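Here is what each chain is made of, one letter per residue.
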Amino acid sequence: MLDFSRQYEEIRTEVLAAIEAVCTSQQFILGPQVASFEAAAAIACQVPHAIGCASGTDALWLALAAANIGTLDATTAHSPDVVITAPFSFFASVSAILRAGASPILADIDPRTFNLSPSSVEAVLATPAGNNVKAILPVHLYGQCSDMDAFNALKQTHNLVVIEDAAQAFGATWNGVPAGALGDAAAFSFYPTKNLSAFGDAGLVTTPSAALDDHARVLRAHGMRRRYFHDEIGWNSRLDSLQAAVLEVKLRHLPRWNEKRRALAARYDQLFQSANLTGATTADGIVLPYTDPRAGHVFHQYVIRAPRRDDLRQYLTDHHIGSEIYYPLPLHLQSSLAHLGYKAGDFPESEQAAQEVLALPMYPELREDEQDAIVKAIRTFYA
Ligand SMILES: Cc1ncc(COP(=O)(O)O)c(C=O)c1O
């Protein structure tokens, strides 16, 4: 799916110099590189505050906890705080809500964008359980922002907190505003496959709120303001300086890399169209990714809906072409989440997407001849 070495070759000198500076300073945890990356990320996201942390999963948890959603104290009675999110996402979108001591309620996705559907969220808000909803957690899946016009309107009418799961969407925009600046807080992941990636695990919370920034900083360091005086039960979710140094170098290149992803996505579209492979549904052919006109998509993934998806994937594997299914089993059907009480059929759009989606190779260094070969193999499979 990805050849990381191509990007590394391009930035090798810059990255090694940045790593060397950390080694020379010997300040490995929350060192000056962390503050410097946080400042650069805040500018990129057009927000006043960015807080580095250990992973995207932790960033989700930190954002929720810093916004006082759920209860951190397992000894207190069960929190009635409810957070609505999508079942068609990575597991952390739901597990972080549970870890924060809140209760997830799921709502189905929009079949065109694969993102949380505002009308499904409204339907939940209209039920009795809707009274306990404290937050909405839309996921900007595959690099396209969720419908933040709709979610911010619901925030106003229902007095909710909006937390963006922006793990896959650094540099994406909605109406020209960057992901990370579209809600009360946002969580980013820098897992190595992400469009902005570290050399290991790393994450970031962004927020327009000074109070939330302060709370997140305390929570990521065991609830300490003064060393060894713990005002609340936080966690160790510090970002280390080596990762921050790598991220700051990569952040400088990200606008160009995201532009390259968009160009490659447009080229995939055009190749599939000229091969007459596309359709409005999988009954007619391959369904190409849909971009909302308000969204600045960064194509963290290029995801098609494919007829006979599993056979196609096997064929591509047999021909040494990488592909991936994000995600094969919606979260409401995961065994560890059975206690949420959902069953097959509850979220038909998510379930259908899980049967049909296929992510094709997509990274800025993907070459046009490789893209041609991928589309040719797909054409041969359907012929
Ligand atoms: C949508 C989404 N949310 C959360 C995460 C969690 O990020 P991490 O793997 O950095 O913990 C990821 C990445 O895997 C993700 O894709």
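Remember, it's a predicted structure, so these values are computed and weren't measured experimentally.

1. Focus: the overall build of the protein
And step 1. Looking only at helices and strands, the protein features 11 helices and 14 strands.
And step 2. Against the compact-globule benchmark of 21 Å for 383 residues, the protein has a radius of gyration of 21 Å, which places it among compact chains.
And step 3. Of all intrachain contacts in the protein linking residues separated by at least 6 positions in sequence, the fraction that spans at least 24 positions is 70%.
And step 4. Summed over its atoms, the accessible surface of the protein is roughly 16100 Å², and 54% of this surface lies on carbon and sulfur atoms.
And step 5. For the protein, the distance from the average site of its 29 positive side-chain charges to the average site of its 41 negative ones is 3 Å.

2. A closer look at the packing of aromatic side chains
And step 1. Tallied over the entire structure, the rule returns 15 aromatic pairs.
And step 2. Each ring, one from Tyr-268 and one from Phe-272, has its centre 6.0 Å from the other, and the planes form 15 degrees; the classification is stacked. Of the two residues, Tyr-268 and Phe-272 are both situated in helix H8 (residues 241-274); the distance of four residues between them amounts to about one turn of the helix. Phe-272 shares its class with Tyr-268; the two are buried.
And step 3. One aromatic cluster is present, formed by Phe-88, Phe-90, Phe-114, Tyr-142, Tyr-326 and Tyr-327 through successive ring pairs.
And step 4. The aromatic ring of Phe-229 is capped on one face by Arg-226, whose charged end is 4.0 Å from the ring centroid.

3. Observations regarding the side chain of Ser-55
And step 1. Position of Ser-55 relative to the elements: it lies in the loop between strand E1 (49-53) and helix H3 (56-66).
And step 2. Residues in contact with Ser-55, not counting those within four places in the same chain, are Phe-188, Ala-202 and Gly-203.

4. Things to note about the nonpolar core
And step 1. Formed by 120 residues in total, the largest nonpolar core has its most connected members in Phe-170, Phe-190, Phe-272 and Tyr-302.
And step 2. Ranked by the residues each element gives to this core, the list is headed by H8, at 13 residues.
And step 3. With residues near it in sequence (within four places) discarded, Phe-272 still touches Leu-277, Thr-278, Ile-286, Leu-288, Tyr-302, Ile-304, Leu-360, Val-375 and Ile-378.
And step 4. Membership of the second largest hydrophobic core comes to five residues, among which are Leu-106, Leu-331, Leu-337 and Phe-347.

5. Remarks on unusual backbone geometry
And step 1. In this chain, Tyr-326 is followed by Tyr-327 through a cis amide linkage whose omega measures 15 degrees.
And step 2. The phi torsion at Phe-114 lies on the positive side, around 70 degrees, for a residue other than glycine.
And step 3. Taking relative accessible area as the criterion, Phe-114 reaches 6% and is therefore assigned buried.
And step 4. Unlike most non-glycine residues, Asn-276 shows phi in positive territory, near 55 degrees.
And step 5. With respect to the helices and strands, Asn-276 occurs in the loop between H8 and strand E12 (295-296).
And step 6. Classification of Asn-276 by relative accessible area gives exposed; the value is 71%.

6. Description of the sheet that holds strand E4 (residues 133-137)
And step 1. With mixed pairing, seven strands are arranged side by side in an open sheet as E1-E9-E8-E5-E4-E2-E3. Every interior strand has two partners, whereas the edge strands, E1 and strand E3 (103-106), have only one. The average angle at which neighbouring strand axes cross in this sheet is 25 degrees, direction not considered.
And step 2. Of the strand pairs in this sheet, E1 and strand E9 (residues 203-207) are connected by five bridges, and their pairing is antiparallel. Paired with Gly-52 across the bridge in E9 is Leu-204.
And step 3. Contacting E1, strand E2 (82-85), E4, strand E5 (161-165), strand E8 (185-189) and E9, H3 runs over the sheet at an angle of about 170 degrees to E8.

7. Here we look at the site of the ligand
And step 1. Looking at the ligand, there are 14 residues lining it, with Gly-56, Thr-57, Asp-165, Ser-189 and Lys-194 nearest.
And step 2. A distance of 2.8 Å is found between an oxygen atom of the ligand and a side-chain nitrogen or oxygen belonging to Gln-168.
And step 3. For the ligand, whose accessible area on its own is 390 Å², the fraction buried by protein is 93%.
And step 4. Among the elements that take part in the shell around the ligand, H3 stands out by supplying three residues, more than any other.
And step 5. Of the residues belonging to the shell around the ligand, the class tally is six nonpolar, six polar and two charged.

8. As for the sheet that holds strand E6 (residues 173-174)
And step 1. Taken in spatial order, the three strands line up as E7-E6-E12 in an open sheet, and their pairing is antiparallel. Two strands bound the open sheet, and with one partner strand each, they are strand E7 (177-178) and E12.
And step 2. Sheet analysis places E6 next to E7, joined by two bridges and oriented antiparallel. Note that in E7 the partner of Thr-173 across the bridge is Pro-178.

9. Things to note about the pattern of salt bridges
And step 1. Counted by the stated rule, this structure contains 24 salt bridges.
And step 2. Where Asp-81 meets Lys-134, a salt bridge forms, and the shortest distance between an N and an O atom there is 3.6 Å. Linking Asp-81 in the loop between H3 and E2 with Lys-134 in strand E4, this pair joins segments that are 53 residues apart in sequence.
And step 3. Exposure remark for Lys-134: the relative accessible area of 33% places this residue in the partly exposed category.
And step 4. Note that Lys-343 and Asp-346 form a salt bridge whose closest N and O atoms lie 2.9 Å from each other.
And step 5. Residue classification places Asp-346 among the partly exposed positions, given a relative accessible area of 25%.

Parameters at a glance
Residues numbered from 1 in each chain as written. Predicted model: local features only at pLDDT ≥ 70, side-chain atom pairs only at ≥ 80, totals over all residues. Heavy atoms only, no water. Helix = DSSP H or I, 4+ residues; strand = E, 2+ residues; numbered from the N terminus. Rg over C-alpha atoms; globule rule 2.2 N^0.38 Å. Contact = heavy atoms within 4.5 Å. Areas by Shrake-Rupley, 256 points an atom, 1.4 Å probe, with all protein chains shown as cover. Lys, Arg positive; Asp, Glu negative; His and termini not counted. Charge placed at Lys NZ, Arg CZ, Asp CG, Glu CD. Phe/Tyr/Trp six-rings, centres within 6.5 Å; stacked < 30°, edge-to-face > 60°. Buried < 20%, exposed > 50% of the residue type's maximum accessible area, 1.4 Å probe, protein only. Lys NZ or Arg CZ within 6 Å of the ring centre and 35° of its normal. Core = buried A, V, L, I, M, F, W, Y, C linked by side-chain atoms within 4.5 Å. Pairing = 2+ DSSP bridges. Axes fitted to C-alpha atoms, helices over the stretch in contact; angles between N-to-C directions. Near = heavy atom within 4 Å. Polar contact = N/O pair within 3.5 Å; in protein donor to acceptor, adjacent residues only side chain to side chain. Nonpolar A, V, L, I, M, F, W, Y, C, P; charged D, E, K, R; others polar. Salt bridge = Lys/Arg side-chain N within 4 Å of Asp/Glu carboxyl O.

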